[in-house]
Amino acid sequence: MIRVVTGPLATAGKLFAFGADVLLAVFKRPFQFREFVQQAWFIASVTIIPIALVAIPFGAVVALQTGSLVQQFGAQSFVGSAAVLAVLREAAPIATALLVAGAGGSAIAADLGARKIREELDAMMVLGIDPIQRLVVPRVLACMLVAVFLNGLVSVVGVLGGYIFNVVLQGGTPGAYLASFTALAQTPDLYQGMAKALVFGLIAAIVSTYMGMHADGGPQGVGQAVMESVVITFLLLFMANFVMSALYFQLIPAKAL
């Protein structure tokens, strides 16, 4: 019974300690710039098309839901502003994080897990090379960078998708949709979405690299590590999203009409 209770706590502690080691290794030299560029390009290549396709229905659903809700209160002129707020604050960072964790994070966990079972990581440590500084840090920074850029892509595509569906399906006018952008939205909303994407990319990269470097049991263990990395990342992402949203609403007052 004690092992059942302390097992998750021990894993959480090891994951936190691993994140601290990664943070310290960021400032070590030499920085693996070539590995960083390769990983950023790889993560972007496996996520940019799926995330562009996901962003359109995401924006459409947000526009339809918020549009219907706002129209019930007789505030049709604020449909565009409500849709933009929903996309910038929540939809874009969440969609970005899910794709980065599901596509990029799983690939990272599989790559490091394969290196682990082939004992490449042990060989690097024998040669005096720190695997965290050599392999983990470039992947973490690449995930964070790509997440921020993909968040911008999702925001733009989501707003355009919401515009099209609002005008076509809900009978809204293009001028009213565009004119209401600044009615409720403000610049900190954009900054919040970018900050969320940055943190979500960090969480996805830390979890995937940790699970990959601690995989064992052969190919089956690698598959298990990939699955666990995606599940744990999703749980932590929603928890972090709640905390960051709560802090934002406490620190940034809502824009007055």
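In this text the structure is predicted, and so the values were computed from the model without any measurement.

### A word on the layout of surface pockets
Estimates place the volume of the largest pocket at around 620 Å³. Among the secondary structure elements, those contributing two or more residues to the lining of the largest pocket are helix 1 (2-25), helix 5 (131-169), helix 8 (187-213) and helix 9 (218-251). For the lining of the largest pocket, the element with the most residues is helix 1, which contributes 9 residues. Looking at side-chain class alone, the lining of the largest pocket contains 23 nonpolar, 2 polar and no charged residues.

### Let's talk about the side chain of S229
Inspection of the secondary structure assignment puts S229 in helix 9. Reaching out from S229, the side chain makes a polar contact with the backbone oxygen of V226 at a distance of 2.6 Å.

### Side note on the packing of helix 5 against helix 8
Viewed as axis vectors pointing N to C, helix 5 and helix 8 meet at an angle of 150 degrees, and their least axial separation amounts to 8 Å. In the crossing of helix 5 with helix 8, the sense of the turn from one axis to the other is right-handed. Only G193, M194, A197, L198, G201, L202, A205, I206, T209 and M213 of helix 8 make contact with helix 5, whose side of the interface consists of P131, I132, V136, R139, V140, C143, M144, A147, V148 and N151. Grouping the constituent residues of the contact of helix 5 with helix 8 by class yields 15 nonpolar, 4 polar and 1 charged.

### What to know about the pattern of salt bridges
Two side chains with opposite charge may pair up if their charged atoms get near one another. Under the defined criterion, the tally for this structure stands at 8 salt bridges. Between K196 and E90 there is a salt bridge whose closest N-O contact spans 3.0 Å. With K196 in helix 8 and E90 in helix 3 (residues 79-117), this residue pair connects regions lying 106 residues apart in the sequence. The exposure class assigned to K196 is buried, which follows from its relative accessible area of 0%. When the shortest N-O distance is used, the salt bridge between E120 and R115 registers 3.6 Å. Bridged by salt links that share partners, the residues E35, D111, R115, R118, E120, R134 and R139 form one connected network.

### Focus on the nonpolar core
Counting 54 residues, the largest nonpolar core has F18, V22, I132, V136, V140, F200 and M213 as the members making the most contacts within it. Top contributing element to this core by residue count: helix 5, with 14 residues. Once residues lying within four places of it in the same chain are set aside, the contact partners of M213 are F18, L112, K116, L121, P131, I132 and V136.

### Describing the UniProt feature "transmembrane region" (unreviewed entry) in the protein chain
The UniProt feature table records "transmembrane region" (unreviewed entry) at residues 41-62, 94-114, 135-157, 163-185, 197-213 and 225-249. From the first C-alpha to the last, residues 41-62 spans 30 Å; its make-up is 100% helix and 0% strand.

### Some points on the side chain of S245
With respect to the element layout, S245 can be found in helix 9. Accessibility expressed as a relative area gives 10% for S245, which makes it buried. When residues no more than four places from it in sequence are discounted, the contact partners of S245 are E90, Q192 and K196.

Rules used in this analysis
- Residues numbered from 1 in each chain as written.
- Predicted model: local features only at pLDDT ≥ 70, side-chain atom pairs only at ≥ 80, totals over all residues.
- Heavy atoms only, no water.
- 1 Å grid on protein atoms, 1.4 Å probe; cavity = no way out; pocket = protein on both sides within 12 Å on 5 of 7 lines; lining within 4 Å.
- Points joined across faces, edges and corners; volume = space filled by probe spheres on them.
- Helix = DSSP H or I, 4+ residues; strand = E, 2+ residues; numbered from the N terminus.
- Nonpolar A, V, L, I, M, F, W, Y, C, P; charged D, E, K, R; others polar.
- Polar contact = N/O pair within 3.5 Å; in protein donor to acceptor, adjacent residues only side chain to side chain.
- Axes fitted to C-alpha atoms, helices over the stretch in contact; angles between N-to-C directions.
- Left-handed = near helix turned anticlockwise from the far one by under 90°.
- Contact = heavy atoms within 4.5 Å.
- Salt bridge = Lys/Arg side-chain N within 4 Å of Asp/Glu carboxyl O.
- Buried < 20%, exposed > 50% of the residue type's maximum accessible area, 1.4 Å probe, protein only.
- Core = buried A, V, L, I, M, F, W, Y, C linked by side-chain atoms within 4.5 Å.
- UniProt positions renumbered as here; feature names shortened; annotations may be inferred.

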